[in-house]
2 protein chains.
Amino acid sequence: MKPIEPRTLKGFRDYLPQEQIARSRMMEKIKRVFELYGFEPLETPALEYEDVLAGKYGDEGEQLMYRFKDHGNRDVAMRYDLTVPLARVAAQHKNDLARPFKRYQIAPVWRAENTQKGRLREFYQCDADIAGAPLGISDAECIAVIEAAMKDLGIKKFVIKVNNRKILNAIMLTAKVPPEKIIHGIRAIDKIEKNGAKAVAEELEKKLGMEKHEAEGLIRLASTKVPDVGALKTFMSKYILRQPQGKEGFDELNKVFSALKEFGVSHAEIDLSLARGLDYYTSTIFETILTENMESRRFGSVAGGGRYDHLLRLFTGQDIPAIGVSIGLDRLFSAMQDAGLAEKSGTVKVLILNMDKNLETDYLNILSQLRAAGINSEFYYESADMKKQFSYAESKHIPYAVLFGANEKKKNEITVRDLKTRKQKSLKMRELIRGLI
Amino acid sequence: MKPIEPRTLKGFRDYLPQEQIARSRMMEKIKRVFELYGFEPLETPALEYEDVLAGKYGDEGEQLMYRFKDHGNRDVAMRYDLTVPLARVAAQHKNDLARPFKRYQIAPVWRAENTQKGRLREFYQCDADIAGAPLGISDAECIAVIEAAMKDLGIKKFVIKVNNRKILNAIMLTAKVPPEKIIHGIRAIDKIEKNGAKAVAEELEKKLGMEKHEAEGLIRLASTKVPDVGALKTFMSKYILRQPQGKEGFDELNKVFSALKEFGVSHAEIDLSLARGLDYYTSTIFETILTENMESRRFGSVAGGGRYDHLLRLFTGQDIPAIGVSIGLDRLFSAMQDAGLAEKSGTVKVLILNMDKNLETDYLNILSQLRAAGINSEFYYESADMKKQFSYAESKHIPYAVLFGANEKKKNEITVRDLKTRKQKSLKMRELIRGLI
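None of these values were measured; they are calculated from a predicted model.

Bringing the interface of chain B and chain A into the picture now. Each side of the interface is counted separately: chain B has 103 residues, and chain A has 103 residues. The largest contributions to the chain B side of the interface with chain A come from Leu9(B), Glu43(B) and Tyr381(B), which together make up 10% of the buried area. Where chain B touches chain A, the interface holds 12 salt bridges. Notably, a salt bridge pairs Lys31(B) with Glu28(A), separated by 2.4 Å at the nearest N-O pair. Counting every contact that joins chain B to chain A gives 50 residue pairs in polar contact (both at pLDDT 80 or more). Tallying contributions element by element places helix α1 (residues 17-36) of chain B first for the side of chain B that touches chain A, with 10 residues. Grouping the constituent residues of the side of chain B that touches chain A by class yields 51 nonpolar, 20 polar and 32 charged.

So, about the pattern of salt bridges. Tallied over the entire structure, the rule returns 64 salt bridges over all chains. Between Arg88(A) and Asp14(B) there is a salt bridge; the shortest N-O distance is 2.8 Å. Within this pair, whereas Arg88(A) is found in helix α4 (residues 83-92), its partner Asp14(B) is found in the segment before α1, the two belonging to separate chains. Pair check on accessibility: Arg88(A) and Asp14(B) agree, each one buried. Lys396(B) is the salt-bridge partner of Glu378(B), the closest N and O atoms lying 2.6 Å from each other. Remark: Lys396(B) occurs in the loop between α16 (386-395) and β14 (400-403) and Glu378(B) occurs in strand β13 (residues 377-379); sequence separation between them is 18 residues.

Let us look at the relation of the copies chain B and chain A. When chain B is brought onto chain A, the operation consists of a screw motion whose angular component is 180 degrees and whose axial shift is 0.0 Å, with 0.0 Å RMSD remaining. Given the turn and translation reported, the copies of this chain are related as if by a two-fold rotation axis. Using C-alpha coordinates, one finds that chain B approaches the rotation axis most closely at Phe68(B), a distance of 3.2 Å. Looking at the interface residues of chain B, 100% of them are also at the interface in chain A, so both copies use one shared face.

Turning our eyes to something else, we now look at helix α4 (residues 83-92) of chain B. All names here are of chain B. Taken across its 10 residues, α4 has 9 buried, putting it largely inside the fold. Considered for burial, the residues of α4 that qualify are Thr 83, Val 84, Pro 85, Leu 86, Ala 87, Arg 88, Val 89, Ala 90 and Ala 91. Buried-residue contacts for α4 involve β2 (47-49), α2 (50-53), β5 (101-110), β6 (122-131) and α13 (313-316).

Quick look at the state of the cysteines now. Under the criterion given, the structure shown has 0 disulfides over all chains. Between Cys142(B), a free cysteine, and Cys126(B), which holds the nearest cysteine sulfur, the sulfur-to-sulfur gap is 14 Å.

Buried within α16(B) are the following residues: Gln389(B), Tyr392(B) and Ala393(B). Down the axis of α16(B), the smallest arc covering the buried residues is 100 degrees, so these residues share one side. The outward face of α16(B), more than 90 degrees from its buried face, is lined by the exposed residues Lys387(B) and Glu394(B). Each element contacted by the buried residues of α16(B) is listed here: β5 (101-110) of chain A together with β12 (350-352) and β13 of chain B. Two to three positions downstream of the cap, the backbone nitrogen of Lys387(B) sits 3.1 Å from a side-chain oxygen, assigning the N-cap of α16(B) to Asp385(B). Directly beyond the C-terminal end of α16(B), a positive phi value near 55 degrees is found at His397(B).

Quick notes on the rules
Residues numbered from 1 in each chain as written. Chains lettered and ligands numbered in written order. Predicted model: local features only at pLDDT ≥ 70, side-chain atom pairs only at ≥ 80, totals over all residues. Heavy atoms only, no water. Contact = heavy atoms within 4.5 Å. Buried area = accessible area lost by both parts, 1.4 Å probe. Salt bridge = Lys/Arg side-chain N within 4 Å of Asp/Glu carboxyl O. Polar contact = N/O pair within 3.5 Å; in protein donor to acceptor, adjacent residues only side chain to side chain. Helix = DSSP H or I, 4+ residues; strand = E, 2+ residues; numbered from the N terminus. Nonpolar A, V, L, I, M, F, W, Y, C, P; charged D, E, K, R; others polar. Buried < 20%, exposed > 50% of the residue type's maximum accessible area, 1.4 Å probe, protein only. Least-squares fit on C-alpha atoms with pLDDT ≥ 70 in both. Disulfide = S-S within 2.5 Å. Arc of directions from axis to C-beta.

Rendered as structure tokens:
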């Protein structure tokens, strides 16, 4: 019989142990930070009724969603993000949930992305959301979570850009963008960093019918650097405050930055050009850019989020204020690999070498004692030559080998070898365990 | 606009924090045991090419698999188990993997099961497999992993039934089952405990064309109680040893039980009627039944596995000996819930009560200090009445509340309340942290 060609689908990939160990440690660290901030775990299905997910992500989302008919001829779709399922859960289980509902979820989502840009079609999101929380402290917590996670992951150079959709709206209105076209203006402004001011100006002229000087004026406003809330206030009073939304947005951003200060967050800065693509944001928005080196910027935002006070209405029929943050695990993992921050290591601490077929009982006995002491260990199953056994240890990044032959047996000792320094010493079992724990 | 009805698909469910915390702790314990035994994590995609999965699980599997056409019109299928993807990975990445390849994977699989029997269509498997390992110690390790995991989960009463397909084959041949019908005989025998001897005898007569006395003879043989390897030897020499496969199977089982003894495994016993449904097993097989109470048996096997020395051939064109164990997380979780073994608890340790709007800065400051010390904590966002705040703490199983009012501020102290005993005391910040860590 001809073998089946072993292969993965485009945009899907395996994570072999070397990578998965590092990735799994990243997830544990992020989980730890979420729990530190009072978020609790939730799990939702990979498949949902199509109408639960459809119509929430804009045109692109509609195209990229995996949908099919299940065995009962139901229209189903694969999870596209973790926010919409959260909104569904908050509505469906509203009588069983604490309010505010602070939950986190770390899980894969599926999008049939264009793989030519190096995008994956299956990737993990690490989301923490608060449903039923008024603006202010909760917004700051979602931002503080990013800073805490980045620090725990060993990332030192990053910027969390923060903006407020109401300020953006006010800027749009000031620049004479018609109210019904604001969302298009926002989507255009979102691309200033990526495509440059010139391309964005052209898009504004073409899609919004703005005059060239109007488009340039809008870009100038949105690109104004405001290092802190004080500078923002000056900017607002000069240009924007006549728009009531501008005043509201400023007060909100001010509240958030006050709380950020109390939390000691030092990587957040105001960026008036930050827009975020998704339609459902209503107020606070933020994104995180790595600045380890110029190259790391190409990964785009590795963690972002915002406030979406109307999304839950789609399921509950009433507004429930909500805010959330999403850390893109796999994008972050790639960026960390590039920056040399994703450690390569194994999980096994000791390999017991198979040196003498007659001593198998002794090997299994040593193995059992090591495991009983909580030391990750294994025994090389076959009595192959030592070179092969050492190279196995090396390939799994195992730091120690146990050597036990007739000589050791006579002396009732065990020889342990540090596989990096190649130093070895003979010990009693008890000493060996004490040394390895 | 009419709200979308928030609902999940039949056979799919949410795990709210109360349950997910317990479930997530179970996964961590199982992961810890896998790593203790030298297994390293692997992650494979949720979607595979259909031909990678098809034809490996028998007729039932073919029917229950979720398949559809993706955006590129490819035939794809959702992960049905973790063993076939492992076989694919071992073939696809054979040059990058340590040999033997010891990997674990904890992940959901999808099967369009009949939900009337209470079965889920999405459930987690926790698998550990060894590809490229000779029979003996590796088989015993997979069984030892079950015992270690059960003990870590607090399950005391369980039996791991062990058998060998070659012994079963020899029993079949002894009872005059034609070689090409052995697999049907095995599937019938597999149901003795579930359906009773009478129903199985009828199935053997009907499907295999056996005489009534032949069928009864087969069931008698397969139901023989053999408390240990010694008793098995006697049984074999009396009835079965004339079949060469019987001798081979006995020697294999003997090897496995020798290693189990060295590992100190005490819950494994021989069960000649254990058959396992899947076709691909070739030798050692095992299953785990909870015996906490009679009720817990209805969950069936909560952990099982076996040796499949030919499965990898489908991808590589050559035999690679392999053995694996699969722990059914969600079945085990249900069983533990029934047995009262799934603890209900939260992850948050401290709730800072919102008692005085003017002290918000102080609250955020206390919160930051607790988090900096690694204590999971949160602040109640709104200055609601105390009853509401306490009931929030209760619903999240938060054990401590921090009370800080004008009085505490004056004294530069913090009052901490044990929400179970309702006792409270006033402390300096440093003492509070020391007491909570």
